[in-house]
Amino acid sequence: MTKHSTSMNPLAFIRKYDELFNRLLFLLGALVVYRFGSHVPIPGMDPESLSKFFQTNENTILGLFNMFSGGALERMSVMALGIMPYISASIIVQMMTAVIPSLDALKKEGQAGQRQINKYTRQLTLALALVQSIGMCTGLISQNLTLTSGLGFYIPAVTSLVAGSMFLMWLGEQITERGIGNGISMLILAGIVATFPQVVTQSINSVQQGQMNMIALLIFSLLALAVVAGIVFIERAQRRIPVNYAQKQSQERKIYAQQQSHLPLKINMAGVIPAIFASSLLLFPASLGQWVGQSPNPNIFQSFLQNMALVLSPGQPLYLVIFAALIIFFCYFYTALVFSPKEVSENLKRSGAYIPGIRPGLQTQRYLDHVLNRLTFIGAIYMTIICLMPMILQSAFGIPFHLGGTSVLISVVVIMDFIAQVKAHLMTHQYHDYSLMQTMEVKHS
C-alpha cells in the first residue's frame, strides 16, 4: 500500500522522471516566451489603421499568413515574419543538397557536415528575413499604416523584424535540443492553436448573426472530427514488408534458426513537411503582392503584383492547382531524402537479410522503390485532399471563417509526434530502472 501511494505521489513522479519534467518545463517556457514576443509591436505603427486593414483582408492570403504567425502579423509584432524565412531557407538548402555534389558530400559526413549545412541555412535565413522585412515595411508605408516613413521607420522596423525571425529560429533549435519534439513544428503548432479560440468565437457570432445555419455548423464540426480521425488513421498506417534472416552457424557449430522480421513503411513518410513547405512557398509571392502591390495609383509592376495576389488567394483555382502540385512534389522529394531504397537494400544484403521471393541487391532495390512510389502516391493524394477540401468547401458554401486543412493536419501530426516522444522518454526511464534492478540482483547473488 505504501509502495503504491509513493508511486502515485506527484513529487516522487517528478523526481523519477526529472529529465522528462525538465524538458516539458523548457518547452512550456519557450512557448510562453514566443507568445509574449508575438504581442510586442514594432516601432512606428498605427494600430487603428492596421486593425482596419486586416479586417478588410481577413479571408485573403494575409489571413493565412497571420494564422501561421499566431496573430503576430495582425499585431505587426517583432515576430511578424514568423518562422517562414527559416522554412524557406531549409527548402532551398535541401533542394540544393540534392543537386550540388559538394553539399551532398557534406550531408554524408555525419554531424560535422550537418553543422555546416545548418550554418548555410542560418545565413540564408538571415538574407531572406532581411528581404522580406524590407518588402513588408515598404508595403506598410504604401498602405499608410505607419506613423512615420523613411529611414526613421525602416531602420528600427527592419531590425526588429529580422531579430524576431532569427530569435524564433534559435528558439526552435533550442526546443529540439533541450525540449520535446521538433522545435520549428512546435512553434508553428503554438501559432495555430492560438487562433483556435478566435475561430470558435467567430463561428458562434456567425450563427447568432444569421450568416451561418446552426445545422451547417454542426455538419462542419462533425466533418472536422472525421478529418482528424482520418489523419490519425493514415499517419499510423504502415506497409510491413516481411524480411527473413538467413540461418547462422556459430564457432561452436550451433545453427541458429531463421529469424523473421518486417520493414515498416509509413504511407505518409514525409509527415507534415510537404504541407508546410508548399504553404510557405505560396505565402511569399502572394504576401509580397498583397503588401507592395496595393496602391491608389499603381504602376505596371504594382498592377502585376495586385493580380498575382488576387489569383493566389486561398480558394482561387490557380492557388488550388499550384498548392496541390507543390504538395505532391514535396511528398516525393522529401520521401526520397529520408528513405533510400538503395541504401536499405545494401544494408539488408550486408546483414544477411532478404525479402521472401525477391533476390538481394538490385531486385530488392527495385522492389522497395516500386512499393515506396505507390505508398507516396497514396500519401500525396491524402495530404492534398486534407489541405484543399476545407478551401473548396469554404468557396462553394460561403463559410464566413477560414477553416484550414493545413492547420488541422499540422496540429494533429505534431501532437501525435509529441505524444510518441513523451512515451519514448517514459519507456527509456522504465528500461533504465529495469536494467538497474537486474544489475543489483546480480550483485546481491
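These numbers were taken from a predicted model, which means no experiment stands behind them.

1. Thoughts on the overall build of the chain
- Assigned secondary structure in the chain consists of 18 helices and five strands.
- Evaluated residue by residue, the chain yields a buried proportion of 43% over its 445 residues.
- Long-range pairs, those at least 24 residues apart, make up 75% of the contacts in the chain with a sequence separation of at least 6.
- A total accessible area of about 24,100 Å² is found for the chain, and carbon and sulfur atoms account for 64% of it.

2. What to know about the environment of Leu189
- With respect to the helices and strands, the residue Leu189 is situated in helix 11 (residues 183-208).
- As for Leu189 and Ile415, which are separated by 226 residues in sequence, their C-alpha atoms are 8.4 Å apart.
- In this view, Leu189 contacts Ser411, Val414 and Ile415; residues no more than four positions away in its chain are not counted.

3. Thoughts on the pairing of strand 1 (residues 238-245)
- By the bridge criterion, eight bridges tie strand 1 to strand 4 (residues 259-266) in an arrangement that is antiparallel. By the bridge assignment, Pro242 is partnered in strand 4 with His262.

4. Overview of the sheet that holds strand 4
- Taking strand neighbours across the sheet as the criterion, the three strands line up as 4-1-5 in an open arrangement whose pairing is antiparallel. Strands at the two margins of the open sheet, each flanked by one partner only, are strand 4 and strand 5 (353-354).

5. A few points about the packing of aromatic side chains
- This model, assessed by the stated rule, comprises eight aromatic pairs.
- Arg35 extends its terminal NZ or CZ atom over the ring of Tyr34, reaching a point 5.7 Å from the ring centre.

6. Thoughts on helix 16 (residues 341-350)
- Among the residues of helix 16, Pro341, Val344, Ser345 and Leu348 are the ones counted as buried. Taken around the axis of helix 16, the buried residues stretch over an arc of 100°, which confines them to a single face.
- Backbone geometry just after helix 16 places Gly352 at a positive phi near 75°.

7. Points about unusual backbone geometry
- Here Met76, not a glycine, exhibits a phi torsion of approximately 50°, which is positive.
- Classification of Met76 by relative accessible area gives buried; the value is 0%.

8. Points about helix 11
- In this model helix 11 runs 39 Å from its N-terminal to its C-terminal C-alpha over 26 residues, within 8% of the 38 Å that 1.5 Å per residue would give.
- Residue Asn182 occupies the N-cap position of helix 11, its side-chain oxygen lying 3.2 Å from the main-chain nitrogen of Ile184.
- Gly210 occupies a position one or two residues after helix 11 and carries a positive phi of about 85°.

9. Quick word on the packing of helix 7 (residues 84-99) against helix 9 (residues 111-142)
- Direction vectors running N to C along helix 7 and helix 9 enclose 130°, while the axes themselves pass 8 Å from each other. One way to sum up the angle between helix 7 and helix 9 is to call them oblique. For the crossing formed where helix 7 meets helix 9, the hand is right-handed. Residues Pro85, Tyr86, Ser88, Ala89, Ser90, Ile92 and Val93 of helix 7 touch helix 9, and the partners they reach there are Ile117, Thr121, Leu124, Thr125, Leu128, Ala129 and Gln132.

10. Quick look at the pattern of salt bridges
- In this structure the tally under the stated criterion is three salt bridges.
- Of the charged contacts in the structure, one is a salt bridge between Glu173 and Arg122, with a shortest N-O distance of 3.1 Å. With Glu173 in helix 10 (residues 151-178) and Arg122 in helix 9, this residue pair connects regions lying 51 residues apart in the sequence.
- Residue classification places Arg122 among the partly exposed residues on the basis of a relative accessible area of 32%.
- Across the pair Glu235 and Lys266 runs a salt bridge whose closest N-O atoms are separated by 3.8 Å. With Glu235 in helix 12 (residues 214-236) and Lys266 in strand 4, this pair connects stretches of sequence that are 31 residues apart.
- By relative accessible area, Glu235 is classed as buried at 7%.
- The partly exposed category is assigned to Lys266, whose relative accessible area is 32%.

11. Points about the environment of Leu337
- Among the secondary structure elements, Leu337 is positioned in helix 15 (residues 317-338).
- The class of Leu337 is partly exposed, set by a relative accessible area of 24%.

12. Notes on the confidence of the model for the chain
- Looking at the chain as a whole, the pLDDT averages 80, with 80% of positions reaching at least 70.
- Counting interchain partners and residues more than four positions distant, the pLDDT-below-50 stretch residues 1-7 has one contact.

13. Observations concerning the side chain of Thr376
- For Thr376, the location among the structural elements is in helix 17 (residues 362-397).
- For Thr376, a relative accessible area of 6% puts it in the buried group.
- Polar contacts involving the side chain of Thr376 include one to the main-chain carbonyl oxygen of Leu372, which spans 2.7 Å.
- With residues near it in sequence (within four places) discarded, Thr376 still touches Ile267, Cys331, Tyr332 and Thr335.

14. What to know about a nonpolar patch on the surface
- A cluster of nonpolar side chains, contributed by Ile328, Tyr332, Phe377, Ile378, Ile381 and Ile385, occupies part of the molecular surface with about 520 Å² of accessible area.
- Counting only elements with at least two residues in the nonpolar patch, the list comes to helix 15 and helix 17.
- It is helix 17 that contributes the most residues to the nonpolar patch, four residues altogether.
- Note on placement: Phe377 falls in helix 17.

15. A short note on the nonpolar core
- Counting 90 residues, the largest nonpolar core has Ile42, Met76, Ile87, Leu140, Phe323 and Leu409 as its most contacted members.
- Looking at which element gives the most residues to this core, the answer is helix 17, with 11 residues.

16. Details of the environment of Ile267
- Of note, Ile267 is situated in the loop between strand 4 and helix 13 (273-292).
- With relative accessibility at 16%, the residue Ile267 sits in the buried group.
- Separated by 109 residues in sequence, Ile267 and Thr376 have C-alpha atoms that sit 6.4 Å apart.
- When neighbours within four sequence positions are excluded, Ile267 is seen to be in contact with Ile234, Ala237, Leu375, Thr376, Ile378 and Gly379.

Cut-off values and rules
- Residues numbered from 1 in each chain as written.
- Predicted model: local features only at pLDDT ≥ 70, side-chain atom pairs only at ≥ 80, totals over all residues.
- Heavy atoms only, no water.
- Helix = DSSP H or I, 4+ residues; strand = E, 2+ residues; numbered from the N terminus.
- Buried < 20%, exposed > 50% of the residue type's maximum accessible area, 1.4 Å probe, protein only.
- Contact = heavy atoms within 4.5 Å.
- Areas by Shrake-Rupley, 256 points an atom, 1.4 Å probe, with all protein chains shown as cover.
- Pairing = 2+ DSSP bridges.
- Phe/Tyr/Trp six-rings, centres within 6.5 Å; stacked < 30°, edge-to-face > 60°.
- Lys NZ or Arg CZ within 6 Å of the ring centre and 35° of its normal.
- Arc of directions from axis to C-beta.
- Expected span 1.5 Å × (residues − 1).
- Polar contact = N/O pair within 3.5 Å; in protein donor to acceptor, adjacent residues only side chain to side chain.
- Axes fitted to C-alpha atoms, helices over the stretch in contact; angles between N-to-C directions.
- Parallel < 35°, antiparallel > 145°, perpendicular 65-115°, else oblique.
- Left-handed = near helix turned anticlockwise from the far one by under 90°.
- Salt bridge = Lys/Arg side-chain N within 4 Å of Asp/Glu carboxyl O.
- pLDDT = per-residue confidence, 0-100.
- Patch = residues over 30% accessible without salt bridge, like charges linked within 9 Å, V, L, I, M, F, W, Y side chains within 5 Å.
- Core = buried A, V, L, I, M, F, W, Y, C linked by side-chain atoms within 4.5 Å.

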